[in-house]
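Fold and geometry: a report
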Amino acid sequence: MAGELEGCKPLSGLLSGLAQDNFFRHPGITEELLRSQLYPEVPPEEFRPFLAKMRGILKSIASGDMDFNQLEAFLTAQTKKQGGITSDQAAVISKFWKSHKTKIQESLMNQSRWDNGLRGLNWRVDGKSQSRHSSQIHTPVAIIELELGKSGQESEYLCLEFDEVKVNQVLKKLSEVEESISTLMQPA
Amino acid sequence: MEGSSEPRLDAKSQVTNQLIDFQWKLGMAVSSDSCRSLKYPYVTVMLKVADHSGQVKTKSFEMTIPQFQNFYRQFKEIAAIIETV
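Residues numbered from 1 in each chain as written. Chains lettered and ligands numbered in written order. Predicted model: local features only at pLDDT ≥ 70, side-chain atom pairs only at ≥ 80, totals over all residues. Heavy atoms only, no water.

Some details on the overall build of chain A
We apply this condition: By definition, any uninterrupted DSSP run of H or I lasting at least four residues is a helix, any uninterrupted run of E lasting at least two residues is a strand, and each is numbered from the N terminus. All radius of gyration figures rest on C-alpha atoms, and the globule criterion is 2.2 Å times the number of residues raised to 0.38. Buried, partly exposed and exposed residues are distinguished by accessible area as a fraction of the type maximum, computed with a 1.4 Å probe on protein chains only: under 20%, between the cut-offs, and over 50%, respectively. Contacts: residue pairs with any heavy atoms within 4.5 Å of one another.
Helices and strands together make up the secondary structure of chain A, namely 7 helices and 3 strands. Along its sequence from the N terminus, chain A presents helices and strands in the succession α-α-α-α-α-α-β-β-β-α. Expected size for 188 residues packed as a compact globule is a radius of gyration near 16 Å; at 26 Å, chain A overshoots this value by more than 25%. C-alpha atoms of chain A, sized along the principal axes, occupy 90 × 40 × 25 Å. Within chain A, the fraction of its 188 residues that count as buried is 40%. Intrachain contacts of chain A at a sequence separation of at least 6 include 55% that bridge at least 24 residues.

Below is the structure:
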């Protein structure tokens, strides 16, 4: 029966299922579902510790935000452990992490953002014409709509009106942000 | 304004607000209980806005760096166009 667990094809599927459950919070991914879909020949009492082991490994990799060197070192260590993983399994896990890392990290980032996120931005520029006495004053106006929302909640829309002066004021602030980002991103 | 699902930017009766203040903060998330080693920078913006009646409210939101870059780029576009109108 151990041979069944060592097969690599279902492992990829298992890791996907674990990621959906752990990182993307997809409901309904039970141990029984994974076993029956991917390892139907394996009895539940054997599958359970195997699943726990894989879940633990995936969590460690995600939690540690491992780069590829750290990942290889970590997986190699797992292959040398008593009751660890095979080198084939290590290869599958490595491949899985490399292709899913960004999405998983994004999901984890979103889970720790409790403020509104910026979901969308729409805008248009209107030429506003005012007539006072007999002269026509032409003031362009930017209408900007921000779509904001907290994780799992409905969007809220904020509509703002800007004249040219205000647009430039905001632009100046944004360039200050950009400068700060550049300073932060500079290698130490 | 809250939670309406009408189409955007076409409705003439759309309530618009004036921006009174724009504050920003650049932060770095280091660790969270779902991920011990995060290391991701983010920009938080705090807007103070007033509606037509003069009522002031604040709204804050967070952007990842790529989101911020997009936000900045769009504002530059708006500035370029409003100049030429």
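So that's the structure; there's more coming.
Description of the overall build of chain B
Rules: Here the open area of atoms and residues is found with the Shrake-Rupley method and a 1.4 Å probe, where only the protein chains shown may cover a residue.
Helix and strand counts for chain B stand at 1 helix and 3 strands. Each helix (α) and strand (β) of chain B, taken in turn from the N terminus, gives the series β-β-β-α. Here chain B holds 85 residues, and 40% of them are scored as buried. Looking at chain B alone, contacts between residues at least 24 apart form 28% of all its contacts between residues at least 6 apart. Total accessible area on chain B stands at roughly 4900 Å², and carbon and sulfur atoms take up 50% of it.

A short note on the UniProt feature "domain: COMM" (unreviewed entry) in chain B
Cut-off, in case you're wondering: UniProt positions are given in the numbering used here, feature names are shortened, and annotations may be inferred rather than shown by experiment.
Within this structure's numbering, the places UniProt gives as "domain: COMM" (unreviewed entry) are residues 18-85 of chain B. As a span, residues 18-85 of chain B carries 29% helix and 47% strand, and end to end its C-alpha atoms are 20 Å apart.

Re the packing of helix α5 (residues 68-80) of chain A against helix α6 (residues 87-111) of chain A
Residue and element names in this part refer to chain A. We count it as follows: Throughout, an axis means a line fitted to C-alpha atoms (over the contacting stretch in the case of helices), and angles, computed between N-to-C directions, take values from 0 to 180 degrees. Relative orientations are named as follows: roughly parallel for angles under 35 degrees, roughly antiparallel for angles over 145 degrees, roughly perpendicular for angles from 65 to 115 degrees, and oblique for any other angle. Crossing chirality is assigned from the near helix's rotation relative to the far helix, an anticlockwise turn below a right angle marking it left-handed and a clockwise turn marking it right-handed. Following the grouping adopted for this structure description, the nonpolar residues are Ala, Val, Leu, Ile, Met, Phe, Trp, Tyr, Cys and Pro, the charged ones are Asp, Glu, Lys and Arg, and the polar ones are all others, Gly among them.
Packing of α5 against α6 leaves a shortest axis separation of 10 Å and a crossing angle of 155°. What the angle tells us is that α5 and α6 run roughly antiparallel. When you trace α5 past α6, the crossing you get is right-handed. On α6, the residues touching Phe-68, Leu-71, Glu-72, Leu-75 and Thr-79 of α5 are Ser-87, Ala-90, Ile-93, Ser-94, Trp-97, Lys-98 and Lys-101. Counted by class, the contact of α5 with α6 contains 6 nonpolar, 3 polar and 3 charged residues.

Here we look at the side chain of Lys-101 of chain A
All names here are of chain A. As for its position among the elements, Lys-101 is in helix α6. Classification of Lys-101 as buried rests on a relative accessible area of 16%. Lys-101 has contacts with Asp-65, Met-66, Asp-67 and Phe-68, leaving out every residue within four places of it along the chain.

Notes on the nonpolar core
Quick note on the threshold: Working definition of a nonpolar core: buried Ala, Val, Leu, Ile, Met, Phe, Trp, Tyr and Cys residues. They are joined through side-chain atoms within 4.5 Å.
Of all hydrophobic cores here, the largest spans 36 residues; its most connected members are Leu-11, Leu-14, Phe-47, Ile-61, Leu-75 and Ile-93 of chain A. For this core, the secondary-structure elements that each account for two or more residues are α2 (9-22), α4 (44-63), α5 and α6 of chain A together with β2 (40-50) of chain B. Top contributing element to this core by residue count: α4 of chain A, with 8 residues. Apart from residues no more than four positions distant in its own chain, Leu-11 of chain A is found in contact with Tyr-39, Phe-50, Met-54, Gln-89, Val-92 and Ile-93 of chain A.

Describing the pairing of strand β3 (residues 56-64) of chain B
Walk down a regular strand and you will see the side chains alternate between the two sheet faces. All names here are of chain B. Note the following rule: In short, DSSP must find at least two bridges between two strands for them to pair.
Both β2 and β3 contribute to a ladder of 9 bridges, which runs antiparallel. Across the sheet, Met-46 pairs through a bridge with Ser-60, a residue of β3. Turn length for the β2-β3 hairpin, with the two strands adjacent in sequence and antiparallel, is 5 residues, and the turn residue Gly-54 shows positive phi of about 90°.

Quick word on the interface of chain A and chain B
Note the threshold: Buried area: the accessible surface (1.4 Å probe) lost by two parts on joining, summed over both. Salt bridge, as used here, is a side-chain nitrogen of Lys or Arg placed within 4 Å of a carboxyl oxygen of Asp or Glu.
Chain A puts 54 residues into the contact, and the matching count from chain B is 52 residues. A combined buried area of about 5000 Å² lies between chain A and chain B, and 69% of that area is made up of carbon and sulfur atoms. Its largest share of buried area at the contact with chain B, chain A owes to Leu-118, Trp-123 and Leu-174 of chain A, together 12% of the area lost on that side. Our count for the contact surface shared by chain A and chain B stands at 1 salt bridge. We note a salt bridge from Glu-156 of chain A to Lys-59 of chain B, for which the minimum N-O separation is 2.9 Å. Of all elements in the fold, only α4, α6, β1 (116-132), β2 (135-149), β3 (156-163) and α7 (164-185) of chain A reach the threshold of two or more residues within the side of chain A that touches chain B. Considering each element in turn, the side of chain A that touches chain B owes the most residues, 16 residues, to α7 of chain A. A breakdown of the residues in the side of chain A that touches chain B according to their chemical character gives 27 nonpolar, 13 polar and 14 charged.

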